[in-house]
Amino acid sequence: MSSSDSASSSKRESRHFIQQIIDSDRSSRRVTGDIVTRFPPEPNGYPHIGHAKAICLNFSLANEYQGRCHLRFDDTNPETEDMEYVRAMRRDIRWLGFEWGEHEYYASDYFEQLYDLAVQLIKDGKAYVDSQTGEEIRTNRGTVTEAGVASPFRDRSPEENLEMFATMRSGDFPDGAHVLRAKIDMASPNMLMRDPVLYRIKHAAHYRRGNDWPIYPLYDFAHPLSDAIEGITHSLCTLEFDVHRPLYDWLVDALFPAPRPHQYESARLNLDYTVTSKRKLLQLVKEKFVDGWDDPRMPTISGMRRRGYTPEALRRFCDMIGVAKADNRVDMAQLEFAVRDDLNARAPRVMCVLEPLKVILTNVPEGHLEELEASYWPHDIPKEGTRMVPFTREILIEQSDFMEVPSKKFHRLSPGGEVRLRYGYIIRCDNVVKDASGNVIELHCSFDPETRSGASSERRVKGTIHWVSATESVPVEVRLYDRLFSVPNPDDVAEGETFLSHINPDSKTIVTGRIEPAAASADALDRYQFERQGLFFLDEKELEKGNRVWNRTITLRDTWEKTKQSEKAKQSASTPAKSESPKQIEPQPDRDPLEGLDADALARTHALDTSFGIGVDDAAILAVRPKVESFFRDATATGESPAAIANWLINELRPLLSEDGIESIPFSASQFAELVGLHSDETLSSRLAKEVLSEMMKTGESAGAIVEKRGLKQISDESLLAAHVSDVLAAHPDRVEAYKAGKVGLIGFFMGQVMAKTGGQANPGTVKALLEKALA
RNA sequence: UGCCCUAUAGCUCAAUUGGCAGAGUGUCGGAUUCUGGUUCCGAAGGUUCUAGGUUCGACUCCUAGUAGGGCAACCA
């Protein structure tokens, strides 16, 4: 079976839009050298999960294309930045598994160059020193609906600007006295282009440059030019910067020759039950809602590391969530999957009881100590290693593994019931001991010596539970973490609330558990699965202080918890079935195509419709676009059908137009009419006509010439087409079968095959009829 | 209210550029299991935001709308 398309079934891994851009930049040779990206944090906070996404994006892209990714600190605001954050950033990026080698840069190292570029801009008449107050600048910028007004200082001479800018630099002006602004367009619909501020005076010490500079460039100036200086090819940022792109382009075009960097925007990460604004994270730390930036509940990289997340899991997560331009909110389950999946294969299993219940095995002699061999790994993980687990008369099991009145699906211990001790014996519960208030405080059980783990006993029980020896186990502090916020979107707040109103009061629980001896001496970076509980990681900070404290990284998936919930739900059957009413989408009434047209357009619409009979819909489209309308009128002068011309003009030609519009096309209205004619007289199918049209756009040749040159002609000969149809059907018997079984969408596949075989020249109407007949 | 961006399964994303609407995750079943984990198998889940148009054929092109987000710091 070697069907022609079996090769194409090896589906290429899907590429996100930035990869597609880079691919096409390389194939079009817009970029001929290395692909160079950059990660440009401002050192004013600890990196978090959102940064992780950006880090993975930029560094992975560089790795994929064997280019490089620069780490550049965007440190142009002396007031908030600090070396501590630089160190945190470097450490966390490395921990994530990325390396930038010698390519560590600082915008503050470019201050001299940036200053020179600003001078160049002034000399070119593209920037000026404005002496309005901040207040005036703001007011005069206008609003989103009204144009701004020009500063009275806008037309200072280059000489004066140069001199004043030099004085700004020398430090002789006080803060805020003047700014340097780009001279662009005070009426631009894009607020960023209304003469944006490039430099401000700020007599402040910079954490790296000290008091060298009394003026500091702004992001909008420093960022694009730093990219250009470093030879960045693809400058990736988040969506809110898309309005900055015209300014980015303006500055780079003004000061750097090609090849130059280009900016692309993608959506930032929003994670359920999490906040990722530096301001809010800082607030959580400062107001002690958490114990520092690296609190294991924090979405900071340092917090997640301390909690026990791995770089691999985080990278996997970033990979899973993809890169796109739509706003998003990622389900926690996504992150949890990545973490569990990674940890499952790398965490050895041990036993630890978190909420102990004492069990006395009445038929084990006092003082009995037996060592049971236990594997660190389950049968399905190909790793080896065992330890010995002490078995004694008194043991501890999990309180939740005993139920005095078991529900139907509960298969652990209950009075008279049996359960297996993991790696040990089957025990039976003979007696339940309670305290005065009726709480179960102790169980008396007996064990079956024939059922030791590994022994070929026929006996089977439904449940296996973890346990430790009451006398040989070691007490340990275990910290159980839950989500920091109790709602999916903590930023979604009612009047008078803040995100802090949604803090989950139970996000941290500390218990004293009992761990088996083999794991009691665990060391830094050790991580374990406590069987049936979850994944746990030794807390670095506590270990430094000499304490062994376990952080729960994540619980295991718990289907028992789910069945418990659903059992409960069933019992309280009063809860109405959540039969959500089907999505009600308001149907939209037919609209009036003439709605919203002004009097002039309305008149022209009617004129077009009455003189050409093209219908008001098409007429209205032409009428509001005077240049298109006149092109249309010119084309109709050839005598070709006006309706056909309008149709082709509106639906096919316009999408091919560049920004310059219809004036820049390389052929005339009558040549366009000729093409429409070739379609009308069925020389060309619409598919062929479209091909010819795009060729005309490229070369400016006439439709007739292109048809001649390429030998294009619609094939309508039925017997010829029938042969192609039966070829195609014979080549894909499986699909024919599927079609006959009801998958009628395959008609498109068959059509595509026949069209491809005929070079697009088959008459589609005829082919379709033949196909339907053949498949009936 | 002007300009810009976005809209495909519960969630996050694909769909070779106009030719079979898919994946991961989640959910629900089943098998395996000395972890109610893992693994394996299966199922459900779609008005591709809406309405109209072009086309043999539209997630993709055209028109008009709707919803969400961004932009009026001398922050980044």
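Chemist: Would you explain the overall build of chain A in this entry?
Modeler: Along the backbone of chain A there are 26 helices and 25 strands. The C-alpha radius of gyration of chain A comes to 36 Å, more than 25% above the 28 Å expected for a compact globule of 776 residues. In terms of overall dimensions, chain A has C-alpha extents of about 110 × 90 × 55 Å along its principal axes. Evaluated residue by residue, chain A yields a buried proportion of 46% over its 776 residues. Taking all contacts inside chain A whose residues are at least 6 apart in sequence as the whole, residues at least 24 apart take part in 69%. Total accessible area computed for chain A in this model is approximately 38,600 Å², and 49% of it derives from carbon and sulfur atoms. Measuring between centres, the 97 positive side-chain charges of chain A sit 4 Å from its 121 negative side-chain charges.

Chemist: Where do I start with the nonpolar core in this structure?
Modeler: Looking at soluble globular proteins, one finds that nonpolar side chains tend to be buried together. Counting 37 residues, the largest nonpolar core has Leu622, Leu649, Leu653, Phe672, Leu684 and Val692 as the members making the most contacts within it. Breaking this core down by element, the ones donating at least two residues are α17 (616–623), α18 (626–636), α19 (642–653), α20 (669–680), α21 (686–699) and α22 (703–710). For this core, the element with the most residues is α19, which contributes seven residues. One finds Phe39, Ala62, Leu271 and Met304 within the second-largest nonpolar core, a separate group that totals 36 residues.

Chemist: Even after reading the chapter, I still don't get the protein's contact with RNA strand B, so can you show me in this structure?
Modeler: Around RNA strand B sit 99 residues in total, of which Arg349, Asp380, Arg412, Ser453 and Arg735 are the nearest. Atoms of RNA strand B within 4 Å of the protein: sugar and phosphate make up 61%, bases the balance. The contact in question runs from a base nitrogen of RNA strand B to an N or O atom on the side chain of glutamine 334, over 3.3 Å. Separating a base nitrogen of RNA strand B from a backbone N or O atom of glycine 748 is a distance of 3.2 Å.

Chemist: Can you help me understand the pairing of strand β8 (residues 234–238) in this one?
Modeler: For a regular strand, side chains alternate in direction, first toward one face of the sheet and then toward the other. Across the five residues that make up β8, a large majority, four, are buried. Across five bridges, β8 lies against strand β9 (residues 262–266) in parallel orientation. Bridged to leucine 236 within β9 is tyrosine 264. Regarding the hand of the β-α-β motif, the stretch spanning β8, helix α8 (residues 245–255) and β9 is right-handed.

Chemist: For this particular structure, what's the right way to read the packing of aromatic side chains?
Modeler: Aromatic ring pairs: the centre-centre distance and the angle between the two ring planes describe each pair. This structure, assessed with the given rule, holds 24 aromatic pairs. Between tyrosine 219 and phenylalanine 241 the ring centres are 5.1 Å apart and the planes differ by 40°, which places this aromatic pair in the tilted class. In this pair, tyrosine 219 is assigned in helix α7 (residues 219–230) and phenylalanine 241 in the loop between β8 and α8, connecting sequence segments 22 residues apart. What makes tyrosine 219 partly exposed here is its relative accessible area of 25%. Accessibility expressed as a relative area gives 21% for phenylalanine 241, which makes it partly exposed. In textbook terms, an aromatic cluster arises when at least three aromatic residues are bridged by ring pairs, as seen for Phe111, Tyr115, Phe165, Tyr199, Trp213, Tyr216 and Phe221. Note that arginine 735 overlies the ring of phenylalanine 749, its terminal NZ or CZ placed 4.3 Å from the centroid.

Chemist: Before we go on, may I ask you to explain the sheet that holds strand β2 (residues 68–73) in this structure?
Modeler: To summarise the sheet geometry, strands pair through backbone hydrogen bonds and adopt either a parallel or an antiparallel arrangement. One open sheet accounts for three strands, arranged β1-β2-β3; its pairing is parallel. Strands with a single pairing partner mark the edges of an open sheet, and in this sheet they are β1 (36–39) and β3 (104–106). Recorded for the sheet is a direction-independent mean angle of 35° between the axes of neighbouring strands. Taken together, the four bridges between β1 and β2 define a ladder with parallel strand orientation. Following the sheet pairing, arginine 38 is matched in β2 by histidine 70. Helix α2 (residues 49–64) rests against β1 and β2 of the sheet, and its axis sits at about 160° to β1. On the sheet, α7 packs against β1, β2 and β3 and is oriented at approximately 140° with respect to β2.

Chemist: Just to check I follow, could you spell out the sheet that holds strand β22 (residues 508–515) for this structure?
Modeler: An order of β10-β23-β24-β25-β21-β22-β11 is seen for the seven strands of this open sheet, with the pairing classed as mixed. The open sheet has two edge strands with one neighbour each: β10 (349–350) and β11 (352–353). Direction of pairing for strand β21 (residues 474–481) relative to strand β25 (residues 549–555): parallel, over a ladder of three bridges. Bridging from a neighbouring strand, glutamate 477 pairs with valine 549 of β25. Across the sheet, helix α12 (residues 332–344) touches β10, β23 (527–530), β24 (534–538) and β25, and the angle it forms with β25 is around 115°.

Chemist: Mind showing me how you'd approach the pattern of salt bridges here?
Modeler: Pairing between side chains of opposite charge can happen when the charged atoms of each approach one another. Here the structure, examined in full by the defined rule, presents 58 salt bridges. Ionic pairing is found between arginine 422 and glutamate 531, a salt bridge with its closest N-O pair at 2.6 Å. Taken together, the residues arginine 422 in the loop between β16 (418–421) and β17 (426–434) and glutamate 531 in the loop between β23 and β24 connect sequence positions 109 residues apart. Residue classification places glutamate 531 among the buried residues on the basis of a relative accessible area of 6%. Between lysine 564 and glutamate 561 there is a salt bridge, with its nearest N and O atoms 3.3 Å apart.

Chemist: How should I be thinking about the pairing of β23 in this particular structure?
Modeler: Every second residue of β23 is oriented toward a common face, with Arg527 and Gln529 on one face and Tyr528 and Phe530 on the other, all of them buried. Relative to β23, β10 is paired through two bridges, and the arrangement is parallel. When the bridges of β23 are listed, arginine 349 appears paired with glutamine 529. As paired strands, β23 and β24 are joined by four bridges and run antiparallel to one another.

Chemist: It is not clear to me how the environment of proline 356 should be interpreted in this structure. Could you clarify?
Modeler: Within the secondary structure, proline 356 sits in strand β12 (residues 356–361). On the accessibility criterion, proline 356 (31% relative accessible area) is partly exposed. Distance from proline 356 to isoleucine 441, taken between C-alpha atoms, is 9.6 Å for residues 85 residues apart in sequence.

Chemist: What exactly am I supposed to notice about helix α6 (residues 158–170) here?
Modeler: When the terminal C-alpha atoms of α6 are compared, their 18 Å separation across 13 residues agrees well with the 18 Å that a helix rising 1.5 Å per residue should span. Where α6 terminates, the next one or two residues include glycine 171, which has phi positive at roughly 90°.

Chemist: Teacher, can you tell me more about α20 here?
Modeler: Residues separated by three or four positions in an α-helix point in the same direction, a consequence of the helix having 3.6 residues per turn. With 12 residues, α20 should reach 16 Å at 1.5 Å per residue; the first-to-last C-alpha distance of 16 Å fits that figure. Along α20, the residues that are buried comprise Ala669, Phe672, Ala673, Leu675, Val676, Gly677 and Leu678. Here the buried face of α20 lies against α18, α19, α21 and α22. Backbone geometry just after α20 places glutamate 682 at a positive phi near 70°.

Chemist: What am I meant to see in the environment of glutamate 104 here?
Modeler: Note on placement: glutamate 104 falls in strand β3. Along the sequence, glutamate 104 and leucine 649 sit 545 residues apart, while their C-alpha atoms lie 53 Å from each other. At 2.6 Å, the side chain of glutamate 104 and the side chain of arginine 90 are in polar contact.

Chemist: Could you clarify how one ought to interpret the confidence of the model for chain A in this entry?
Modeler: Regions with low pLDDT carry predicted coordinates that are not meant to be interpreted in detail. Overall, the predicted model of chain A reaches an average pLDDT of 92, with 96% of residues at or above 70. Note on residues 1–11: pLDDT is under 50 here. Beyond four places in sequence and across chains, it has four contacts. Low pLDDT, under 50, characterises residues 574–585; the stretch is placed with one contact to residues that sit more than four places away or in other chains. Among the scores for the predicted complex, ipTM is 0.97 and pTM is 0.94.

Chemist: Before we go on, may I ask you to explain unusual backbone geometry in this structure?
Modeler: Generally, phi is negative for residues other than glycine and the peptide bonds are trans, each holding for most cases. With an omega of -5°, the peptide bond running from alanine 258 to proline 259 counts as cis. When you line up the elements, proline 259 lands in the loop between α8 and β9. Non-glycine residue tyrosine 423 carries a positive phi angle of around 65°. The topology assignment puts tyrosine 423 in the loop between β16 and β17.

The rules behind these values
Residues numbered from 1 in each chain as written. Chains lettered and ligands numbered in written order. Predicted model: local features only at pLDDT ≥ 70, side-chain atom pairs only at ≥ 80, totals over all residues. Heavy atoms only, no water. Helix = DSSP H or I, 4+ residues; strand = E, 2+ residues; numbered from the N terminus. Rg over C-alpha atoms; globule rule 2.2 N^0.38 Å. Buried < 20%, exposed > 50% of the residue type's maximum accessible area, 1.4 Å probe, protein only. Contact = heavy atoms within 4.5 Å. Areas by Shrake-Rupley, 256 points an atom, 1.4 Å probe, with all protein chains shown as cover. Lys, Arg positive; Asp, Glu negative; His and termini not counted. Charge placed at Lys NZ, Arg CZ, Asp CG, Glu CD. Core = buried A, V, L, I, M, F, W, Y, C linked by side-chain atoms within 4.5 Å. Near = heavy atom within 4 Å. Polar contact = N/O pair within 3.5 Å; in protein donor to acceptor, adjacent residues only side chain to side chain. Pairing = 2+ DSSP bridges. Right-handed = clockwise from strand over helix to strand, strands pointing away. Phe/Tyr/Trp six-rings, centres within 6.5 Å; stacked < 30°, edge-to-face > 60°. Lys NZ or Arg CZ within 6 Å of the ring centre and 35° of its normal. Axes fitted to C-alpha atoms, helices over the stretch in contact; angles between N-to-C directions. Salt bridge = Lys/Arg side-chain N within 4 Å of Asp/Glu carboxyl O. Expected span 1.5 Å × (residues − 1). pLDDT = per-residue confidence, 0-100.

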